[in-house]
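# Architecture at a glance
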Amino acid sequence: EFEPGTAGFVISVSDTLLRELATRDPQLALLFAAPATMEMPRDAATTTALLQATRALAQEHQRAGAGRALALDGLAALLLVQILRVTHSLAPLQGAPLSRQRQLMARFRALVETEFRSALPIPGYAKRLRATEAQLRNACLATTGQPPVQVVHARLLLEAKRQLFYTAKPVAEIAWSLGFADAAYFTRFFTRRAGVSPRKYRQERPDAEVRD
């Protein structure tokens, strides 16, 4: 699944595809062992190859026709290989300390992964991270261009889209699983950020024709 995001794109890889690829190259599974951020040299060959693979996946995602699902699987595998190569090319630098803001952002993303369903407020995130709200906000803006609340909302939206696409759960059940006590509020939250209602998103997904 390939979703446009506020600060780029979010790419989801199914567990089935990941397991299949990991049997052929176990190193791929390590990419998902823990949240991580990478700072890539702008002109490096590995960076260029990664961007090309990402663009190819984005272009194929917009197409419809024979072989689309197979092409997406192949391009997703190519993208993961390019990410793996980038991590290897940066390996000598991994001992170097990240900037404090990047360290804080990496910790924040890891905490969001465990808490995005809990409706934890931003001051609560900052307290858990032993940072001030200003420090957390500055780290988010410097590394993503987004304030902390948008990072949390983007994660909630991504999970909502995944559940709408991959499951047949009623919208109200999805809302409840994501920490929304009111299904109507969830619908407004989703519609404002996705541009369509949850039900319309589920009906109009281009991938639905391929996966049904």
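Residues numbered from 1 in each chain as written. Predicted model: local features only at pLDDT ≥ 70, side-chain atom pairs only at ≥ 80, totals over all residues. Heavy atoms only, no water.

## Quick look at the overall build of the protein chain
Which entries qualify depends on this criterion: A run of H or I in DSSP counts as a helix once it spans at least four residues, and a run of E counts as a strand once it spans at least two, with each numbered from the N terminus. For the exposure calls, accessible area comes from a 1.4 Å probe over protein chains only, and a residue counts as buried if that area is under 20% of its type's maximum, exposed if over 50%, partly exposed in between. Residue contacts are counted whenever heavy atoms from the two residues lie within 4.5 Å of one another. For accessible areas, the Shrake-Rupley method is used with a probe of radius 1.4 Å. Any residue's cover is judged against the shown protein chains and nothing else.
Across its full length, the protein chain carries 12 helices and 2 strands. For the protein chain, the sequential pattern of α-helices and β-strands runs β-β-α-α-α-α-α-α-α-α-α-α-α-α. Buried residues in the protein chain amount to 35% of all 212 residues. The long-range fraction of contacts in the protein chain, counting pairs at least 24 apart against all pairs at least 6 apart in sequence, stands at 61%. Counting only carbon and sulfur atoms, one obtains 55% of the accessible surface of the protein chain, whose full area is about 12800 Å².

## Examining the packing of aromatic side chains
The test is simple: Within 6.5 Å between ring centres, the rings of Phe, Tyr and Trp (the latter by its six-membered ring) count as paired, and their orientation is classed by plane angle as stacked under 30 degrees, edge-to-face over 60, tilted in between. As a reminder, the over-ring test applies to NZ of lysine and CZ of arginine, requiring each to be within 6 Å of the ring centre and within 35 degrees of the ring normal.
Under the defined criterion, the tally for this structure stands at 7 aromatic pairs. Residues F180 and F186 carry aromatic rings whose centres are separated by 5.2 Å and whose planes lie at 65° to one another, so their mutual orientation is edge-to-face. You can call F186 buried: its relative accessible area is 0%. When the centroid spacing of 5.5 Å and the interplanar angle of 70° are considered together, the rings of F190 and Y201 count as edge-to-face. Within this pair, whereas F190 is found in helix 10 (residues 183–194), its partner Y201 is found in helix 11 (residues 198–204), the two being separated by 11 residues in sequence. Its relative accessible area of 0% is what places F190 among the buried residues. The structure contains a cluster of three or more aromatic residues connected by ring pairs, namely F180, Y185, F186, F189, F190 and Y201. When the ring centre of F116 is taken as origin, the NZ or CZ atom of R155, which lies over that ring, is 4.3 Å away.

## A short note on unusual backbone geometry
One non-glycine residue, A119, lies in the positive phi region at around 60°. By secondary structure assignment, the location of A119 is in the loop between helix 5 (100–115) and helix 6 (122–128). At R130, a position not held by glycine, the phi torsion is positive, near 55°. Along the chain, R130 falls in the loop between helix 6 and helix 7 (133–144). According to the relative accessible area criterion, R130 is exposed, its value standing at 81%.

## So, the side chain of R155
With respect to the helices and strands, R155 occurs in helix 8 (residues 148–166). Given a relative accessible area of 12%, R155 falls into the buried group. Once you skip the residues sitting within four places of it in the chain, R155 turns out to touch V112, E113, F116 and R162.

## Focus on the side chain of Q82
Counting through the fold element by element, Q82 comes out in helix 4 (residues 68–89). With sequence-adjacent residues up to four places away left out, Q82 is seen in contact with A49, L50 and A53.

## Section: helix 10
Keep this limit in mind: Expected span of a helix: the number of residues minus one, times 1.5 Å. The directions considered for the arc run from the helix axis to the C-beta atoms. Counting of polar contacts relies on pairs of N or O atoms within 3.5 Å, with two restrictions inside protein: one atom must be capable of donating a hydrogen and the other of accepting it, and residues adjacent in sequence are counted only when both atoms are side-chain atoms.
For helix 10, spanning 12 residues, the distance from its first C-alpha to its last is 16 Å, which sits close to the expected 16 Å at 1.5 Å a residue. Taken residue by residue, helix 10 has F186, F189 and F190 as its buried positions. Angularly, the buried residues of helix 10 cover 95° about the axis, an arc narrow enough to put them on a single face. Along its buried surface, helix 10 packs onto helix 8, helix 9 (171–177) and helix 11. The opening residue of helix 10, the one whose side-chain oxygen lies 2.9 Å from the backbone nitrogen of A184, is D182. The positive-phi residue at the C-terminal boundary of helix 10 is G195, with phi of around 85°.

## Some remarks on helix 1 (residues 15–24)
Buried residues of helix 1: L17, L18, L21 and A22, and no others. All buried residues of helix 1 fall inside an arc of 130° around its axis, so they share one side. What points out from helix 1, more than 90 degrees from its buried face, is the exposed set D15, T16, R19 and T23.

## Let's talk about the confidence of the model for the protein chain
Residues shown with low pLDDT carry predicted positions that ought not to be read at fine detail. To keep it simple, the criterion reads: pLDDT: the predictor's confidence for each residue, scored from 0 to 100.
Confidence in the prediction of the protein chain, expressed as mean pLDDT, is 81, and 80% of residues score 70 or more. For the protein chain, per-element mean pLDDT is lowest for helix 12 (residues 208–211), which scores 38, and highest for helix 6, which scores 97. A low-confidence stretch, residues 93–97 stays under pLDDT 50, and its non-local contacts, those more than four residues away or across chains, total 1 contact. Note that residues 208–212 has pLDDT below 50 and, in this model, 5 contacts with residues that lie over four places away or in other chains.

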